[in-house]
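The lines below spell out each chain.
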Amino acid sequence: MTENTIMYKARKSSMVAGLFVFILVFLGFILPLLIEGGPIEARKVVGIIILGSVGIVLMIAPLGSRLEIGEDYVRTYFFGFTTTPKIYRSNIRVLEYGNIIHFGGLNYGKGLKGWEMVNGKRKYFSIGENIYGKEAISHARRVLEQKS
């Protein structure tokens with residue numbers, strides 16, 4: 001990391017989805033089983049553990065997300081591992097701010113999306129505003145749109 005590099009952390013409010021899943025699992029599955037009493041089937045316990053784990057992962061995941069913005073590039077990390085290789089300004093072919101679509105057509109909110117050319121191949125990228133906030137996305141947009 002150089003002097004001109006800025007790191008943005010994920011906002012704590014992006015943990016709401018995981019909290020919602022965790023509460024849904026508790027209220028929808030665990031609470032009725034506790035009220036009902038008696039022995040619990042093994043497959044119900046496995047299902048509760050799996051859904052509870054998904055909720056916990058969704059709550060913790062934003063804590064490890066980082067957005068690095070340099071002089072002419074943008075890169076994302078997840079718990080120290082690079083999730084998006086450096087997106088250089090010079091490689092950008094299309095850059096838009098708008099709705100990002102993930103997970104089979106579900107709207108994931110607004111953010112940066114576009115295409116870059118790397119080694120003769122087109123690569124799609126998107127960076128969501130829900131996780132990093134408007135300030136981080138507008139900073140990334142300014143960096144990637146600047147003329148060389």
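Before reading further, recall that the structure is shown in the block above.
Everything numeric here is computed off the predicted structure, so don't read it as measured data.

Basis of the calculations
- Residues numbered from 1 in each chain as written.
- Predicted model: local features only at pLDDT ≥ 70, side-chain atom pairs only at ≥ 80, totals over all residues.
- Heavy atoms only, no water.
- Helix = DSSP H or I, 4+ residues; strand = E, 2+ residues; numbered from the N terminus.
- Areas by Shrake-Rupley, 256 points an atom, 1.4 Å probe, with all protein chains shown as cover.
- Phe/Tyr/Trp six-rings, centres within 6.5 Å; stacked < 30°, edge-to-face > 60°.
- Buried < 20%, exposed > 50% of the residue type's maximum accessible area, 1.4 Å probe, protein only.
- Lys NZ or Arg CZ within 6 Å of the ring centre and 35° of its normal.
- Pairing = 2+ DSSP bridges.
- Axes fitted to C-alpha atoms, helices over the stretch in contact; angles between N-to-C directions.
- Contact = heavy atoms within 4.5 Å.
- Polar contact = N/O pair within 3.5 Å; in protein donor to acceptor, adjacent residues only side chain to side chain.
- Core = buried A, V, L, I, M, F, W, Y, C linked by side-chain atoms within 4.5 Å.
- Expected span 1.5 Å × (residues − 1).
- Arc of directions from axis to C-beta.

K.L.:
Explain the overall build of the protein chain to me, using residue names and the numbers behind them.
P.N.:
Across its full length, the protein chain holds four helices and seven strands. Along the protein chain, helices (α) and strands (β) appear in the sequence β-α-α-β-β-β-β-β-β-α-α when read from the amino end. Split by element, the accessible area of the protein chain, about 9700 Å² in all, is 62% carbon and sulfur.

K.L.:
Give a detailed account of the packing of aromatic side chains, specifying residues and quantitative values.
P.N.:
Taken as a whole and assessed by the stated rule, the structure comprises three aromatic pairs. Measuring from ring centre to ring centre gives 6.0 Å for Tyr73 and Tyr88, while their planes differ by 55 degrees; the resulting arrangement is tilted. Of this pair, Tyr73 sits in strand β3 (residues 73-78) while Tyr88 sits in strand β4 (residues 81-88); the two residues are 15 residues apart in sequence, bridging distant segments of the chain. Of the residues examined, Tyr88 reaches a relative accessible area of 30% and is grouped as partly exposed. Between Phe78 and Phe79, the ring centres sit 4.8 Å apart and the planes meet at 75 degrees, which makes this aromatic pair edge-to-face. Above the ring of Tyr73, the side-chain terminus of Lys86 is found at 4.4 Å from the ring centroid.

K.L.:
Let's hear about the sheet that holds β4: which residues, and what values?
P.N.:
Spatial ordering of the open sheet is given by β1-β2-β3-β4, a layout of four strands whose pairing is antiparallel. Strands with a single pairing partner mark the edges of an open sheet, and in this sheet they are β1 (6-9) and β4. Averaged over all pairs of adjacent strands, the angle between strand axes in this sheet comes to 15 degrees, irrespective of strand direction. The pairing of β3 with β4 spans five bridges and is classified as antiparallel. Pairing of Tyr73 across the sheet is with Tyr88, part of β4. Contacting β1, β2 (65-69), β3 and β4, helix α4 (residues 134-145) runs over the sheet at an angle of about 35 degrees to β2.

K.L.:
Pulling in residues and values, what's your account of the side chain of Thr84?
P.N.:
Along the polypeptide, Thr84 turns up in strand β4. Polar contacts involving the side chain of Thr84 include one to the side chain of Thr76, which spans 2.7 Å. If we ignore the near neighbours within four places in the chain, the residues touching Thr84 are Arg75 and Thr76.

K.L.:
Describe the environment of Lys9, naming the residues involved and giving the relevant values.
P.N.:
When you line up the elements, Lys9 lands in strand β1. For Lys9, a relative accessible area of 56% corresponds to the exposed category. Along the sequence, Lys9 and Arg66 sit 57 residues apart, while their C-alpha atoms lie 4.8 Å from each other.

K.L.:
Go over the nonpolar core with me, naming the residues and quoting the values.
P.N.:
In terms of nonpolar packing, the biggest core is built from 16 residues, with Leu67, Ile69, Val74 and Leu144 touching the most fellow members. Elements that contribute at least two residues to this core include exactly β2, β5 (92-102), β7 (121-128) and α4. In terms of residues, this core owes the most to one element, α4, which gives five residues.

K.L.:
So what's going on with α4? Which residues, and what values?
P.N.:
A rise of 1.5 Å per residue sets the reference length of α4, with its twelve residues, at 16 Å; its end C-alpha atoms lie 16 Å apart and thus fit the reference within 8%. Along α4, the positions that sit buried rather than exposed are Ala136, Ile137, His139, Ala140, Val143 and Leu144. Each buried residue of α4 sits inside an arc of 160 degrees when the element is viewed along its axis, so together they form one side. α4 presents Lys134 and Glu135 as exposed residues on the side facing more than 90 degrees away from its buried surface.

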